Amino acid sequence: MNTLYEAADFLKQKGIHEPFAGIVLGTGLHQFIHYINNPVVIPYSDIPNFPLSTVEFHKGNLIYGNIGEKKVLAMQGRFHFYEGYTMQQVVFPIRVMKLLGIQYLLLTNAAGGINLNFKKGDLALINDHINLQTGNPLTGKNIDALGSRFPDMSEPYNKYLCNVLQQAADKLNVPLKEGVYAAVNGPNLETKAEYRYLKIIGADMVGMSTVPEVIAANHAQLPCAAVSVITDECDPDNLQPINNIAEIIEVAGKADKQLSQILYQTILSL
Ligand code: HPA
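Here goes a summary of the coordinates provided. None of the values given here were measured: they were computed from a predicted structure. (Residues numbered from 1 in each chain as written. Predicted model: local features only at pLDDT ≥ 70, side-chain atom pairs only at ≥ 80, totals over all residues. Heavy atoms only, no water.)

**Looking at the overall build of the protein**
And step 1. Helix and strand counts for the protein stand at 7 helices and 9 strands.
And step 2. Relative to the compact-globule value of 18 Å for 270 residues, the protein shows a C-alpha radius of gyration of 17 Å, a close match.
And step 3. Referenced to the eigenvectors of the C-alpha coordinate spread, the extents of the protein come out at roughly 55 × 40 × 35 Å.
And step 4. The buried share of the protein, taken over its 270 residues, is 53%.
And step 5. Pairs at least 24 apart in sequence give 83% of the contacts found in the protein among residues at least 6 apart.
And step 6. Taken as a whole, the protein presents about 11,800 Å² of accessible surface, with 49% of it coming from carbon and sulfur.
And step 7. Mean positive and mean negative side-chain charge positions of the protein (20 and 25 charges, respectively) differ by 3 Å. (Helix = DSSP H or I, 4+ residues; strand = E, 2+ residues; numbered from the N terminus. Rg over C-alpha atoms; globule rule 2.2 N^0.38 Å. Buried < 20%, exposed > 50% of the residue type's maximum accessible area, 1.4 Å probe, protein only. Contact = heavy atoms within 4.5 Å. Areas by Shrake-Rupley, 256 points an atom, 1.4 Å probe, with all protein chains shown as cover. Lys, Arg positive; Asp, Glu negative; His and termini not counted. Charge placed at Lys NZ, Arg CZ, Asp CG, Glu CD.)

Structure (structure tokens):
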């Protein structure tokens, strides 16, 4: 807990005061930061106890500034379990943002489409998840100052936030699909048999992030919602090899503008 307070105190000294919302920008999704007015950029490497971003294309910065009248705190790049961080490190920034006073958390990610109605470049609201990762940020001694030992997960994605996201998409005329996100460790993509399995168990999309952060947010009673960009179509009967992760990032980049507009409109409407 002390390490969390140290990071939060440092950020307060840097002028970060009671941000209204926290935003996590996933792989290939950075455009939202251009919507932030009067940005203050704080590299993760400056923040005490913050894990360091290891993957080159995840720029590691916290960006604080205005969306309209509201203050927001955006994470440009997140920490993944597959990079070797512990689950506690993966959720460290979420907990710091909670201590700083965010009232809402909006998460984004790149995901594979298991539901074959989801096409490359589509956006999909996550309405529930299946956690297939082998770690959990809540293992070990419970941090009672943050939340309870056995947090409820009957509605991990806040209904009100999901509705506001959906209305923002409608207003912008951007189709927003909806479905269940399965979280896997990665970093390898899945086999055909695994994609088949994911479909059978009820997943609409699959990715390597977000769920630990959602668990930490629910633990801390922080309302959250998440949107995936579908970057590849995971049809086990017609699976196209992905030889280069750049392909995934490129698809994410194409949907980035629409997603950024949805986030912007959502924050204005909250
Ligand atoms: N599997 C896991 N994670 C992913 C995928 C996928 O197919 N696409 C983007 N992230």
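**A closer look at the site of the ligand**
And step 1. Lining the immediate environment of the ligand, one finds 13 residues, of which Gly-112, Glu-190, Tyr-195, Thr-231 and Asp-232 sit closest.
And step 2. Interatomic distance of 2.6 Å between a side-chain N/O atom of Glu-190 and a nitrogen atom of the ligand.
And step 3. Between a nitrogen atom of the ligand and a side-chain N or O atom of Asp-232, the distance comes to 2.7 Å.
And step 4. Contact with the protein chains covers 95% of the free accessible surface of the ligand, which is 260 Å².
And step 5. The cavity that encloses the ligand is the largest pocket.
And step 6. Among the secondary structure elements, those contributing two or more residues to the shell around the ligand are β5 (104-113), β8 (205-207) and β9 (224-233).
And step 7. Looking at the shell around the ligand, the element that brings in the most residues is β5, giving 3 residues.
And step 8. A per-class count over the shell around the ligand returns 8 nonpolar, 3 polar and 2 charged. (Near = heavy atom within 4 Å. Polar contact = N/O pair within 3.5 Å; in protein donor to acceptor, adjacent residues only side chain to side chain. 1 Å grid on protein atoms, 1.4 Å probe; cavity = no way out; pocket = protein on both sides within 12 Å on 5 of 7 lines; lining within 4 Å. Sits in = over half its atoms within 2 Å of the grid points. Nonpolar A, V, L, I, M, F, W, Y, C, P; charged D, E, K, R; others polar.)

**Examining the pairing of β9**
And step 1. The buried count for β9 comes to 9 of 10 residues, which makes it a mostly enclosed element.
And step 2. Looking at chain direction, β5 and β9 are connected through 9 bridges and run parallel. Each residue of the ladder has a partner; that of Ala-110, found in β9, is Val-229.
And step 3. Inspection of the sheet shows strand β6 (residues 123-131) paired to β9 by 3 bridges, in the antiparallel sense. (Pairing = 2+ DSSP bridges.)

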